[in-house]
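Read off the chains here:
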Amino acid sequence: MGKISVAVLGATGMIGQRFIQLLEDHPYFELGGLYASERSDGKKLSDVLKVRDHRFQDETLEMRIETLTNKAVANGNRIAFSGIPSEMAKETEAELADLGVAVFSNAGSHRMRPDVPLLIPEVNPEHIMAVRDQSTFPNGGFIVTNANCSTTGIAPPLKALDESYGLQFVSVSTYQALSGAGYPGVPSLDAVGNVIPYIGGEEEKMETEILKMLGEYQNGKFIYSQFTMLANCARVPVIDGHLESMVVKMREAPELDDLIETLSGFKGHLQGLKLPTAPERPIIVRSENNRPQPALDAFAGEPSRARGMAVTVGRVRRNEDYYKLFALSHNTLRGGAGGSVINAELALAKKLL
Ligand SMILES: NC(=O)c1ccc[n+]([C@@H]2O[C@H](COP(=O)([O-])OP(=O)(O)OC[C@H]3O[C@@H](n4cnc5c(N)ncnc54)[C@H](OP(=O)(O)O)[C@@H]3O)[C@@H](O)[C@H]2O)c1
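Here goes a summary of the coordinates provided.

What counts, and where the lines are drawn
Residues numbered from 1 in each chain as written. Predicted model: local features only at pLDDT ≥ 70, side-chain atom pairs only at ≥ 80, totals over all residues. Heavy atoms only, no water. Near = heavy atom within 4 Å. Polar contact = N/O pair within 3.5 Å; in protein donor to acceptor, adjacent residues only side chain to side chain. Helix = DSSP H or I, 4+ residues; strand = E, 2+ residues; numbered from the N terminus. Nonpolar A, V, L, I, M, F, W, Y, C, P; charged D, E, K, R; others polar. Domains from an automatic or database assignment. Core = buried A, V, L, I, M, F, W, Y, C linked by side-chain atoms within 4.5 Å. Buried < 20%, exposed > 50% of the residue type's maximum accessible area, 1.4 Å probe, protein only. Contact = heavy atoms within 4.5 Å.

Further remarks concern the site of the ligand. Surrounding the ligand, one finds 26 residues, the nearest of these being Thr12, Ser37, Arg39, Ser40 and Ile84. Within the side chain of Ser40, a nitrogen or oxygen atom sits 2.5 Å from an oxygen atom of the ligand. The contact in question runs from an oxygen atom of the ligand to an N or O atom on the backbone of Tyr183, over 2.9 Å. Secondary-structure elements contributing two or more residues to the shell around the ligand are helix 1 (14–23) and helix 4 (86–98). Across the shell around the ligand, the residue classes tally to eleven nonpolar, 14 polar and one charged. When residues are assigned to domains, the shell around the ligand turns out to be shared by domain 1 (4–148 + 337–349) and domain 2 (150–330), each giving three or more.

Shown next as structure tokens:
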């Protein structure tokens, strides 16, 4: 089978360039076009580089950005990986799906639609079958979304705890990296030496998206999970990697060692599917008192294709019926482009492409 041609939407942005990084030597997909606004039209990728911790191949750096039009994207590309602003994603992504394109999106606009999966393959792979019920797109197109970057980091540990002990209550406080605000993002004079205890819309997203993801998909409907979820979100002067502290209460109160084993033994629900961008261990539990840290753990994940795709958990403690822990994940890889790429790998494995 030849490789599937894919387009990257928002190719000059933080997420778009992580897509390019993950796709330039992908075993199943090949870059068919890079798209952004007309401001970027005709520029080479090398002229607009934002990702500085990856060495792009010379031929990738020579690729030129084109103005995003749905007609151009749909011409020859089966997949669109979307890293465009939510305001424009609603219409653009729906039109692309109408034209027969499979859209894997990072934007927030379609996440809570009743027929669109909000997907993490290790957590809720069965939700992908919802694309079969997207009857509004008649030409083989569909939309799959990933959660916002902060929800993505807590979803695997919460899934592991929920299925073993039954979540009742979760309170999360975030320490979110600057790259989560896109490029150029937060003004430097606001960010350096500072913490901003507000990220517009983020707490509401965290409090709803996790309930959809940890819920079920049955008879064409998403049935939301019912536990109480509270979020406080802050932006901190870190480049990549969202650190999140959680307090959790569950129906059962396991011994601390059992709970730690449940987290570290979580394999995800991929049933032997070998997805190239899936980490061997979706959750890595650290026992040191000073981990996880963005500087040390943001790029956790093996094999090398899954670098930045594992969630690192640490400081797991018990206080009577409550458990306290930290989780860290890479917001533009696991929480962004990597999440969409692995979703597309699952769609291919499930013969939906
Ligand atoms: N950053 C994260 O950690 C993260 C994580 C999960 C989800 N997301 C979501 O992913 C999306 C992209 O985020 P980002 O952080 O990559 O943002 P970003 O760095 O600001 O990039 C935005 C991209 O969208 C393009 N764009 C803007 N207006 C456009 C238009 N009218 N037509 C075509 N392209 C246009 C930009 O192109 P120009 O350069 O030409 O303007 C740029 O390529 C957003 O929906 C965001 O909410 C971000």
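In this structure, Leu23, Phe29, Ile79, Phe81 and Phe104 are the most contacted members of the largest nonpolar core, which totals 42 residues. Those elements that provide at least two residues to this core are strand 1 (4–9), helix 1, strand 2 (29–36), strand 4 (79–82), strand 5 (102–105), strand 6 (142–145) and helix 10 (333–349). Summarising the domain contributions, this core has at least three residues from each of domain 1 (4–148 + 337–349) and domain 2 (150–330). Apart from the residues lying within four places of it in its own chain, the contact partners of Ile79 are Ile4, Ser5, Val6, Ala7, Phe29, Val101, Ala102, Phe104, Ala344 and Leu353. By size, the runner-up hydrophobic cluster in this structure holds 36 residues, among which are Val123, Val170, Met206 and Leu325.

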